Amino acid sequence: PGLIPAGITWWLIRQRPVQMLSFGINYWLSGEDPFSYHVVNLLLHLVNGLLVYRIARLLAALKGGRVPFAFAAALFLLHPVQTESVSYISGRAYSLSALFFLAAFTLFLERRTEGLSWRRSGAVLALFAAALGTKEHTLTLPALFLLTEYYWGSGGWRDALRRNHRLYLPLAGLGAAGAALILWVLAGARTAGIGVGGVTPLQYFLTQCRLVFTYLRLFLFPAGQSVDPNVSISEAATLSLAALLLLVVVACFGPGAEEGSGGA
């Protein structure tokens, strides 16, 4: 009570408004009793599993191959690395942002014509905005769209951008605004981002590069998980950054890249 009138600007911008709104609804329903919070987290995870199943089917149709759809969904639902986002109440940011992220990608893949209509583009943009209002890493969604056009599209990127101009033109503006907002939020954060005391933006970036491989290791061998891990700061360029750059080069120019470029 009194949270919104007392600090509406701070609440809406600094504190992931969509996630906080979901917590506000839980609080209105059951106060501080954690049961309803856990129920919502579990339901979000189950819906995300259905979206993963649908996306796997749609991508298989684009590729013209067979994909074990049920296995993909089961792996997403049952993998131990998902524990935090389901059982840890404040981990809802992951599941809720994934819901909007995956729903937007599903709408993008389910287009009935080569180009997206204004209505479908508007729905995708609304879901993207909701995802950004839940967790910042969903800013990568436009890159996922472009990579999908690159690997599974037809006619190359120019044709794809022209066909889907109803999506990409406003998406560029929304993405730029979202990036600026995220930088502003991170600059004022005390626990993450470029505002952490004693940690430079470069050190933070290099540390994140190393953590990509930490999460890959957890995917293959999910041992040693922690709600609040003790992460050492990378002081200089590491092998992780070089490995990430190498993976990008291989993905873009390695064997099979030209075949999957859709004529780009």
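Residues numbered from 1 in each chain as written. Predicted model: local features only at pLDDT ≥ 70, side-chain atom pairs only at ≥ 80, totals over all residues. Heavy atoms only, no water.

A. Expanded view of the overall build of the chain. The helix and strand inventory of the chain stands at 13 helices and 0 strands. The linear arrangement of helices and strands in the chain, starting from the amino end, is α-α-α-α-α-α-α-α-α-α-α-α-α. In the chain, which comprises 264 residues, the share counted as buried stands at 34%. Within the chain, contacts between residues at least 6 apart in sequence are counted, and of these 71% link residues at least 24 apart. Of the accessible surface of the chain, which amounts to about 15,800 Å², a share of 70% is contributed by carbon and sulfur atoms. (Helix = DSSP H or I, 4+ residues; strand = E, 2+ residues; numbered from the N terminus. Buried < 20%, exposed > 50% of the residue type's maximum accessible area, 1.4 Å probe, protein only. Contact = heavy atoms within 4.5 Å. Areas by Shrake-Rupley, 256 points an atom, 1.4 Å probe, with all protein chains shown as cover.)

B. Representation of the packing of aromatic side chains within the structure. According to the stated counting rule, one finds 5 aromatic pairs in the structure shown. Judged by centre distance (6.3 Å) and plane angle (45°), the ring pair of Phe 23 and Tyr 37 falls under tilted. Taken together, the residues span a long stretch of sequence, with Phe 23 in helix α3 (residues 17-30) and Tyr 37 in helix α4 (residues 35-63) at a distance of 14 residues. The exposure classification of Phe 23 matches that of Tyr 37, with both residues buried. Summarising the aromatic geometry, the rings of Phe 105 and Phe 108 are spaced 6.4 Å apart at their centres and angled 15° between planes, so their arrangement reads as stacked. With Phe 105 and Phe 108 both in helix α7 (residues 92-109) and 3 residues apart, this pair spans about one turn of that helix. Residues Phe 105 and Phe 108 agree in their burial class; the two are buried. Cluster of aromatic residues (ring-pair linked, three or more members): Phe 105, Phe 108 and Phe 145. (Phe/Tyr/Trp six-rings, centres within 6.5 Å; stacked < 30°, edge-to-face > 60°.)

C. Highlighting the packing of α3 against α7. Between α3 and α7, the least distance of the axes is 10 Å, while the angle of their chain directions is 115°. Taken together, the axis directions place α3 and α7 in an arrangement best described as roughly perpendicular. For the crossing formed where α3 meets α7, the hand is right-handed. Every residue of α7 that contacts α3 at Val 18, Gln 19, Ser 22, Phe 23 and Asn 26 is listed here: Arg 92, Ala 93, Leu 96 and Phe 100. Residue composition of the contact of α3 with α7, by class: 5 nonpolar, 3 polar and 1 charged. (Axes fitted to C-alpha atoms, helices over the stretch in contact; angles between N-to-C directions. Parallel < 35°, antiparallel > 145°, perpendicular 65-115°, else oblique. Left-handed = near helix turned anticlockwise from the far one by under 90°. Nonpolar A, V, L, I, M, F, W, Y, C, P; charged D, E, K, R; others polar.)

D. Molecular detail of the pattern of salt bridges. Here the structure, examined in full by the defined rule, presents 2 salt bridges. Glu 110 is the partner of Arg 54 in a salt bridge, and the nearest nitrogen-oxygen pair spans 2.7 Å. With Arg 54 in helix α4 and Glu 110 in the loop between α7 and α8 (118-132), this residue pair connects regions lying 56 residues apart in the sequence. Glu 149 serves as the salt-bridge partner of Arg 163, at 3.9 Å between the closest nitrogen and oxygen. Within this pair, whereas Arg 163 is found in helix α10 (residues 156-163), its partner Glu 149 is found in helix α9 (residues 141-152), the two being separated by 14 residues in sequence. When its relative accessible area of 3% is taken as the criterion, Glu 149 is described as buried. (Salt bridge = Lys/Arg side-chain N within 4 Å of Asp/Glu carboxyl O.)

E. Geometry of the environment of Glu 110. You can call Glu 110 buried: its relative accessible area is 17%. Glu 110 has contacts with Arg 54, Leu 58 and Arg 120, leaving out every residue within four places of it along the chain. Engagement of the side chain of Glu 110 in a polar contact is seen with the side chain of Arg 54, the distance being 2.7 Å. (Polar contact = N/O pair within 3.5 Å; in protein donor to acceptor, adjacent residues only side chain to side chain.)

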